[in-house]
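Results of the structural survey
Spelled out from the first residue to the last, the chains are:
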Amino acid sequence: NKNVKTINALLNMNFFSMIFCKNIVFKSIIFFISLLFLISCSTTKPLNTINIIPDGFSDYNDNSEALFQLVQTSGTNESIIKREAQLTAMSLIISRIESKVKSISEFRQNNSQTDFINVTRLLSEFKILKIELEESKVIYDNKLNKIIFWGVYKVDRKQIKSLLDKNESLNLKFEDLIQ
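Since we're looking at a predicted model, the values are computed, not measured.

1. A short note on the pattern of salt bridges
- Taken as a whole and judged by the stated rule, the model has 6 salt bridges.
- Across the salt bridge formed by E134 and K154, the nearest N and O atoms sit 3.6 Å from each other. Separated by 20 residues along the polypeptide, E134 in strand 2 (residues 132-141) and K154 in strand 3 (residues 146-156) bring together distant segments of the chain.
- Notably, a salt bridge pairs R157 with E175, separated by 2.7 Å at the nearest N-O pair. Of this pair, R157 sits in helix 4 (residues 157-166) while E175 is found in helix 5 (residues 174-177), placing the two residues 18 residues apart along the sequence.

2. Considering helix 4
- Listed in full, the buried residues belonging to helix 4 are R157, I160, L163 and L164. Along helix 4, the residues classed as buried sweep out an arc of 135° about the axis, all on the same side. Those residues of helix 4 that are exposed and angled more than 90 degrees off the buried face are K158 and K166.

3. Re the sheet that holds strand 2
- Across the sheet, 3 strands lie side by side as 1-3-2; this open sheet has antiparallel pairing. Whereas interior strands pair on both sides, the edge strands pair on one side only; in this sheet they are strand 1 (66-75) and strand 2. With direction set aside, neighbouring strand axes in the sheet form an average angle of 10°.
- Taken strand by strand, helix 2 (residues 78-107) contacts strand 1, strand 2 and strand 3, and its axis lies near 145° from that of strand 1.
- Lying on the sheet, helix 4 is in contact with strand 1 and strand 3; it crosses strand 3 at an angle near 50°.

4. Digging into the environment of G151
- With respect to the helices and strands, G151 occurs in strand 3.
- Looking at G151, the relative accessible area reads 0%, which means it is buried.
- Separated by 62 residues in sequence, G151 and A89 have C-alpha atoms that sit 8.6 Å apart.
- With near-sequence residues (within four places) excluded, G151 lies in contact with F57, Q69, L70, V71, L133, E135 and S136.

Conventions we followed
Residue numbers here run from 1 along each chain, matching the order of that chain's written sequence. For a predicted model such as this one, the threshold for reporting local features is a pLDDT of at least 70, and the threshold for listing and counting side-chain atom pairs is 80 or more; totals across whole chains, interfaces and linings nevertheless cover every residue. With hydrogens and water excluded, all non-hydrogen atoms of the structure serve as input to the side-chain values. Whenever a carboxyl oxygen of Asp or Glu lies within 4 Å of a side-chain nitrogen of Lys or Arg, that contact is scored as a salt bridge. Numbering goes from the N terminus for both helices and strands, where a helix is a DSSP run of H or I of at least four residues and a strand is a run of E of at least two. Whether a residue is buried, partly exposed or exposed follows from its accessible area with a 1.4 Å probe, protein chains only, as a fraction of its type maximum: under 20%, in between, or over 50%, in that order. Summarising the geometry, the arc corresponds to the directions from the helix axis toward the C-beta atoms. The pairing criterion is simple: DSSP has to find at least two bridges between the two strands. To obtain each axis, a line is fitted to C-alpha atoms, and for helices this fit is confined to the stretch in contact; angles are then taken between N-to-C directions over 0 to 180 degrees. It only takes one pair of heavy atoms within 4.5 Å for two residues to be counted as in contact.

In structure tokens, the structure reads:
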């Protein structure tokens, strides 16, 4: 009888210790999940100023007066990065125009040799377009130890229209390029 009481007491103690251990394991798991959640939410990366578009710069869209291009360059020499931005904007605008001219020409299925020569000539003439800086901002990033230059460049409608008018056989209008 005494042995049975001792065994029952040990079993009860063992049962309570199992519940207690399960409870501790469960609470530990919940604690670590909560801790992981709090750490992951609180450790956000600091904003990188190189990717933040300045206010108002994204408002420039191609319209009936001009084609626009937003560019961003960074480096340690301000004059070099400004020139790089200008060249980048120019190449991006010319690429967009060339792509539009080619796709319109293919869509209209003007496959004659004359049309091909006229399209090729027109595309080469776009290289002489003059680009203007519409708005710019220079930011110095202390963390990166770099100068960040944002610029909005434009090519005036008159320049593009004069090139399109020279090649009347292609039947292209400035409005075709901004649609």
